[in-house]
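# Breakdown of the fold
What follows is each chain in one-letter form.
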Amino acid sequence: MEITSEIKNHSKIVHLIGNLDVHNTHKIESVFMDQIKTGNSPVLILDLSSVEFISSAGLRIIVAALRECKEKDVELRLAGIKPAVKKVFDIIDMNSMFSIFETLDSAIK
């Protein structure tokens, strides 16, 4: 899993490349929480356009990030979710919990 971040239009963007599974959840969770705690951006965008697979452990981290964002008054947005990953969100009915955008550009606006 490769993780990079940047700031655009007052939004902090975390780009994830690879699979979001039990093998890398500790690293990802650390990065997410650091981005939320140290940032002064009102919006955190998780760019999932290069994530091919998400496990239950990966979902747990995203839910934990959502909770932390709510506590810090930061809006969490998910962008570019591929069909296979979106299907997981659909199956467990998590779509209503998140602000989901088809593309990163639409999430930034």
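Let me sum up the structure you'll find in this document.

Conventions adopted
Every chain begins its residue count from 1, and numbering advances along the sequence as written. Per-residue local features of the predicted model are confined to residues with pLDDT of at least 70, and side-chain atom pairs are confined, for both listing and counting, to 80 or more; whole-chain, interface and lining totals are unaffected and use all residues. By convention in this description, side-chain values take in all heavy atoms of the structure and omit both hydrogens and water. Numbered from the N terminus, helices here are DSSP runs of H or I no shorter than four residues, and strands are runs of E no shorter than two. Whether two residues are in contact is decided by their heavy atoms, any of which lying within 4.5 Å being enough. Under the convention used throughout, the expected extent of a helix is 1.5 Å for every residue step, that is, one less than its residue count. Categorising residues by exposure relies on relative accessible area from a 1.4 Å probe, with only protein chains included: less than 20% of the type maximum marks a residue as buried, more than 50% marks it as exposed, and the intermediate range marks it as partly exposed. Each direction from the helix axis to a C-beta atom contributes to the arc, which is the arc of those directions. Strand pairing is assigned whenever DSSP detects at least two bridges linking the two strands. Each axis is a line fitted through C-alpha atoms, and for a helix only the stretch in contact is used; angles between axes span 0 to 180 degrees, taken between their N-to-C directions. The nonpolar core is taken to be a set of buried Ala, Val, Leu, Ile, Met, Phe, Trp, Tyr and Cys residues, with the residues joined through side-chain atoms within 4.5 Å.

## Digging into the environment of Leu-16
Its location among the elements puts Leu-16 in strand 2 (residues 11–20). Expressed as a C-alpha distance, the spacing of Leu-16 and Val-51, which sit 35 residues apart in the sequence, is 6.4 Å. Residues contacting Leu-16, with those up to four places away along its chain left out, are Met-1, Glu-2, Ile-3, Phe-32, Asp-47, Leu-48, Ser-50 and Val-51.

## Brief notes about helix 1 (residues 25–38)
Taking 1.5 Å of rise per residue, the 14 residues of helix 1 would be expected to cover 20 Å, and the 20 Å separating its terminal C-alpha atoms lies within 8% of that figure. Along helix 1, the positions that sit buried rather than exposed are Thr-25, Ile-28, Phe-32, Met-33, Gln-35 and Ile-36. Buried residues of helix 1, seen end-on, are gathered within an arc of 160° and therefore sit on one face of the element. In helix 1, the exposed positions that point more than 90 degrees away from the buried face belong to His-26, Lys-37 and Thr-38. Buried residues along helix 1 sit in contact with strand 1 (2–8), strand 2, strand 3 (43–54) and helix 2 (56–71).

## Here's the deal with the sheet that holds strand 4 (residues 75–79)
Reading across the sheet, the 5 strands line up as 1-2-3-4-5 and stay open at both edges, with mixed pairing between neighbours. In the strand order of this sheet, the two ends are held by strand 1 and strand 5 (99–101), each with one partner. Direction aside, neighbouring strands of the sheet carry axes that sit 25° apart on average. In the sheet, strand 1 pairs with strand 2 via 7 bridges, with the strands oriented antiparallel. The partner of Glu-6 across the bridge, within strand 2, is Ile-13.

## Some words on the nonpolar core
Core analysis: the largest hydrophobic core is formed by 29 residues, its most contacted members being Phe-32, Leu-46, Ile-62, Leu-76, Leu-78, Phe-89 and Phe-98. Breaking this core down by element, the ones donating at least two residues are strand 2, helix 1, strand 3, helix 2, strand 4 and helix 3 (83–91). If you tally residues by element for this core, the top one is helix 2, at 8 residues. Excluding residues within four positions of it along the chain, Phe-89 makes contact with Ile-54, Leu-59, Ile-62, Leu-78, Ile-81, Met-94, Asn-95 and Phe-98. Formed by 7 residues, the second largest nonpolar core is a distinct cluster that contains Ile-45, Ala-79, Ala-107 and Ile-108.

In short, geometric facts, not functional conclusions.
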